[in-house]
Every structure is written in structure tokens, then in C-alpha cells.
Amino acid sequence: MSTFPTLRMRRLRETEVMRRMVRETNLAVDDLIYPLFAIYGQDVKNPVPSMPGVYQFSVDRLLEEAQEINSLGIPAVLLFGIPDHKDEAGSGAYAPEGIVQQAVRAIKKEYPHLLVITDVCLCEYTSHGHCGVLDGGRILNDPTLEFLAKTALSHAVAGADMVAPSDMMDGRVQAIREKLDAHGFTNLPVMAYSAKYASAFYGPFRDAAGSTPQFGDRRSHQMDPANSEEALREVELDILEGADLVMVKPALAYLDVIRRVKEEFRYPVAAYNVSGEYSMVKAAAANGWVEEKRIVMEILTGIKRAGADMIITYHAKDVARWLKEQD
Ligand code: PBG
């Protein structure tokens, strides 16, 4: 190996074409998954104040959005629902005519090639805003599993291409896999929110989805931000239970976890560039403090470089446009 002055690292940075050729990480539209929020009603497009550019759509308007996503070449969406009523058991999550079920059917009918992933959780649908069945103030793990499995099955029946459990109950991947298999959905993959942290970065999402817990927090099931060994154990368990893809969430404060998961398991890894990460960039950009395009591309390239194979991001439509301009 030579050193300076024989070796000069700047030689390979001299021109854009050279930089392109030695670039190690390339962000592509195929890496992107765009989150969508479906709400009851007609002709509804409610802006989410803390997430500029993000809306809650009624199913009719959601189809316009799906059309745009499809034409931008974004391969997949991750669907969340805002129900018209909430109850203790979160029954809107697994109702055959639930909001997600209706939205899936509508999107798949119009855009059969757009991959529809559904978020499987109860928190948007329970009156208390927690991710499971409660006993007093505690979330009961095992009784919650049946509800999650029912929810996943109802999404599959509606036509979802993949289900993504985000609840962090123990054993939920197995419960969902068994339920799907028992009903003939043996080829439907599960994307597990495996290392999901109890994060302040979810704040804006909870406005968008109306899922803020009415009391307490999610620390009894989501992970402590201080831990990464534990993340590997969570991922391992989800893989043993049948997860096809694993997720780390949020992304930016957990790039080391993404890297460790990728190196340890060699499974497809999704990273969720969550609402708070998006809102911070949007707020700073609106103030003229950062250049939005450059900063977003840098963040997403960093997440991919860390080891993510795909990125769930509210920036997806903008990124797809910017990538097109580059070509
Ligand atoms: C739970 C869920 C949450 C997010 C995705 N699925 C919120 C939570 O755990 O409280 C957060 C996504 C984001 O912040 O963008 N259904």
C-alpha cells in the first residue's frame, strides 16, 4: 500500500464521473416504501400539521395518491388506518369493512402492481390508545396475540401483499404466521418491526394516526433506546418465528443497530425513517436552515450505507422525483 505523496486520495474525487464510478452506495427508487394514512369519509384530504406534505386520505382520494406513487415508480406503500370509532378491544383493526381493509381492496383493484404492506397494530383502534388488550393499566401479551393474528388475516383476505406487525408483543410473528398459514396464505410475507424502540421520534405520527396513548407510555413493550444487544435478540426471535424481513425503527439514532442486524443475520433489513425524523428536516428546511434535497439524500444514503435494504420514508415521493431528475 502506498502513502502520500505517491498516493493521493483526491485523484478519485476530481470529477463527477469519477465520483460516480467509485460511489459505494446508490439510493434507488426501488429502495423506497411510502407510508399512507387512510380515513373514513369522502373527498377527505386532511393535512397533518406536524408533517408538511403528509395527509389523511379518504379511500377515494387515496387512489389519486396511489396513482402518483405508482407513476413515480415507488414500489410499495405501508398503510395505516384511522377508524371511525374506537373501543376497548380495537375491533376496527380486524373488521372486514375496516378502513385498512377497504383501502387495500381499493388500491389493489386499481393498481395491482403496487405492493401494499399493512401495519398490524391495535393502538390506532383502541379507545385507550395502547397496542393490546388491557387489564387495569397493563397490556396483556398473550390475549393480544389472537387479535393481532386476526388483524393480519383480515388484511390478507382484503388483498394485502405483506403484513407488518408493529406492536412488539412477544410471540406475535409466530401467531400471525400460524394464522396466515392455516388460512392458505403461506406465501404472504411478514415484515416484522423487530427492533422497535420506545422513541420520542414517533410524536408527529401519533397526530397523524390519532394513536397517542390516553395514559402511560409504550415502554413496557417497545425497546429501551440504550440497548443494541437486545435488538439482536429481538431480531433473532422474529426470524425464528418466521419473519421474512426485519425492521429497525427509528433509523437515524439507530444506524449502528441497522449495521449490526445486517451483519449478524444477512436478512433483508428495512429501516423506518420515522415521523419525527421527517418533521425535523421539514421544519429546518422551511426556515431556510438546511437544504432539503441535499440533506434528505444524505440521510437516506446514510441509512442505506448502514445496511438497510429498504427505507420506509415520508420523503419517498420527493426522493423519487429527485432521482428521476438525476437520470
Ligand atoms: C404503531 C406504529 C407507530 C409508528 C408506526 N407504527 C407508532 C407508535 O409505536 O407509537 C410510528 C411511525 C412514525 O413515527 O413515523 N402502530
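The structure under discussion appears in the preceding block.
Residues numbered from 1 in each chain as written. Predicted model: local features only at pLDDT ≥ 70, side-chain atom pairs only at ≥ 80, totals over all residues. Heavy atoms only, no water.

Trainee: Can you help me understand the environment of L153 in this one?
Mentor: Position of L153 among the secondary structure elements: in helix α4 (residues 141–158). Sequence separation of L153 and Y94 is 59 residues, and the distance between their C-alpha atoms is 8.1 Å. Setting aside anything within four residues of it in sequence, one finds L153 in contact with K179, L180, H183 and F185. (Helix = DSSP H or I, 4+ residues; strand = E, 2+ residues; numbered from the N terminus. Contact = heavy atoms within 4.5 Å.)

Trainee: Looking at this structure, I do not really get the nonpolar core. What am I missing?
Mentor: One broad trend across soluble globular proteins is that nonpolar side chains are buried collectively. Ranked by size, the top nonpolar core spans 82 residues in total, and within it L36, L79, I258, V261, L300, I303 and V319 carry the most contacts. Those residues within four positions of L36 in sequence are excluded, and the remaining contacts are F57, L62, E65, I69, V77, L78, L79, F80 and I107. Listed in part, the 29 residues of the second largest apolar core include F80, A208, A209 and M247. (Core = buried A, V, L, I, M, F, W, Y, C linked by side-chain atoms within 4.5 Å. Buried < 20%, exposed > 50% of the residue type's maximum accessible area, 1.4 Å probe, protein only.)

Trainee: How should I be thinking about helix α8 (residues 255–265) in this particular structure?
Mentor: One turn of an α-helix holds 3.6 residues; hence residues three or four places apart share an orientation. Of the residues making up α8, those classed as buried are V257, I258, V261 and F265. Buried residues of α8, seen end-on, are gathered within an arc of 105° and therefore sit on one face of the element. Tucked inside the fold, the buried residues of α8 contact β9 (191–196), α7 (229–241), β10 (245–249), β11 (269–273) and α10 (292–306). Once α8 ends, the next one or two residues include R266, with phi positive near 55°. (Arc of directions from axis to C-beta.)

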